[in-house]
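# Notes for the structure review
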Amino acid sequence: MIPAAFAYFRPTNVKEALTLLDQYKDEAKLLAGGHSLIPLMKLRLAQPRYVIDLGRVRELEYIRESGDQVLIGAMTRHVAVETSDLLRQRCPLLAETASVIGDAQVRNMGTIGGSLAHADPAADYPAAILALDAEMRAVSSQGERWIRAEDFFVDMLTTALQPGELLVEIKVPALPPRTGTAYVKVAQKASGFALCGVAVVLTMDQQGVCQHAAVGITGVAPKAYRARAVEQALRGQKLDASVMAAASAKAAEGIDPLEDLHASAEYRAHLARVFCRRALEQAHARI
Ligand SMILES: Cc1cc2nc3c(=O)[nH]c(=O)nc-3n(C[C@H](O)[C@H](O)[C@H](O)COP(=O)(O)OP(=O)(O)OC[C@H]3O[C@@H](n4cnc5c(N)ncnc54)[C@H](O)[C@@H]3O)c2cc1C
């Protein structure tokens, strides 16, 4: 349980971090909250020769409003997302999602950027990030680019971030009126990771017809996904219990569910359908 030897760097700004990343390339790993990387290093599943600790890069810790968007620095801890008044008012889905990550120790150390860059198939944020159509800003010594949520999660533990790129910022929309959101999950008992987590964003018009529906599901497949068939079944409909139940039946359509010691593929698909219905009902009731 002792990691392989590594050289340790503690930059104080993004520029310094990028210089180090450029210098050591694939042999370097960024360290954020350390709640995923350190266990991997202790098990020697990751053996970086150089560790670049972002803990002192304070410019990456913020939550602020910009027009009709909320911007979140990558080094913002889960607890700051959970307790942010701005997010609770403008984008409550993200605060709700952060509130059910692991336990208090995990939420005090873990960061939103670390969680997204790690892309654990059972992590909570990816469901919400997908449902919100969030965008991620990545910078490197070559420049910067924005990556849409649907392009960001590529596969299990794999994102669109390239070697030498640093995730610096996450942009989520401030939600419009007559919008309800919910994140519900069934947690693996020991760790709290999601066996299934469903994030929903619903916007209705004044007549009670669904104008926008977005459903992100994590824990079920090798990467979090948008349940497009569910969304299609909701859009343009007046939502009642039977419409939401019928739509939820499509929550695992086209998905090849994960199977491991925690849950069979069949059980995960079942959880996706049941928790999709619960998330839809909760989001609808909150409008
Ligand atoms: C006991 C326990 C329970 C947990 N339960 C849950 C849970 O219920 N739900 C959940 O979602 N998560 C859970 N987690 C994971 C937790 O949320 C982690 O904090 C998170 O997955 C990783 O974030 P971190 O800041 O710790 O990143 P680190 O572990 O420091 O880094 C993770 C990876 O991301 C890379 N990285 C970090 N920051 C950046 C960046 N800015 N740009 C590019 N790459 C970067 C690192 O190089 C590394 O490869 C749990 C963890 C533990 C230990």
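For the structure itself, consult the block above.
My aim in this report is to walk through the structure given alongside it, one point at a time. Note that this is a predicted model, so its numbers are computed, not measured.

What follows concerns the side chain of Asp120. The residue Asp120 is located in the loop between helix 7 (112–118) and helix 8 (125–131) in this model. Despite being buried, Asp120 has no salt bridge partner; Arg268 is the closest side chain of opposite charge, sitting 8.7 Å away. In this structure, Asp120 is in contact with Leu157 and Phe193, ignoring residues within four places of it in sequence.

Once that is clear, we can look at the side chain of Thr179. Inspection of the secondary structure assignment puts Thr179 in strand 11 (residues 179–187). A polar contact is formed between the side chain of Thr179 and the backbone oxygen of Pro176, at a distance of 2.8 Å. Thr179 has contacts with Val201, Leu202, Thr203 and Ile287, leaving out every residue within four places of it along the chain.

Moving on to the site of the ligand. By nearness alone, 30 residues border the ligand, and Leu30, Ala32, Leu37, Thr111 and Asp124 come closest of all. Here an oxygen atom of the ligand sits 3.3 Å away from a polar atom, N or O, in the side chain of Lys29. For the ligand, an oxygen atom lies 2.8 Å from a polar atom in the backbone of Ser36. Contact with the protein chains covers 90% of the free accessible surface of the ligand, which is 980 Å². Elements represented by at least two residues in the shell around the ligand include exactly strand 2 (28–31), helix 7 and strand 10 (166–173). Here the element with the most residues in the shell around the ligand is helix 7; it accounts for four residues. Among the residues making up the shell around the ligand, the classes are represented as 14 nonpolar, 13 polar and three charged.

Rules used in this analysis
- Residues numbered from 1 in each chain as written.
- Predicted model: local features only at pLDDT ≥ 70, side-chain atom pairs only at ≥ 80, totals over all residues.
- Heavy atoms only, no water.
- Helix = DSSP H or I, 4+ residues; strand = E, 2+ residues; numbered from the N terminus.
- Buried < 20%, exposed > 50% of the residue type's maximum accessible area, 1.4 Å probe, protein only.
- Lys, Arg positive; Asp, Glu negative; His and termini not counted.
- Salt bridge = Lys/Arg side-chain N within 4 Å of Asp/Glu carboxyl O.
- Contact = heavy atoms within 4.5 Å.
- Polar contact = N/O pair within 3.5 Å; in protein donor to acceptor, adjacent residues only side chain to side chain.
- Near = heavy atom within 4 Å.
- Areas by Shrake-Rupley, 256 points an atom, 1.4 Å probe, with all protein chains shown as cover.
- Nonpolar A, V, L, I, M, F, W, Y, C, P; charged D, E, K, R; others polar.

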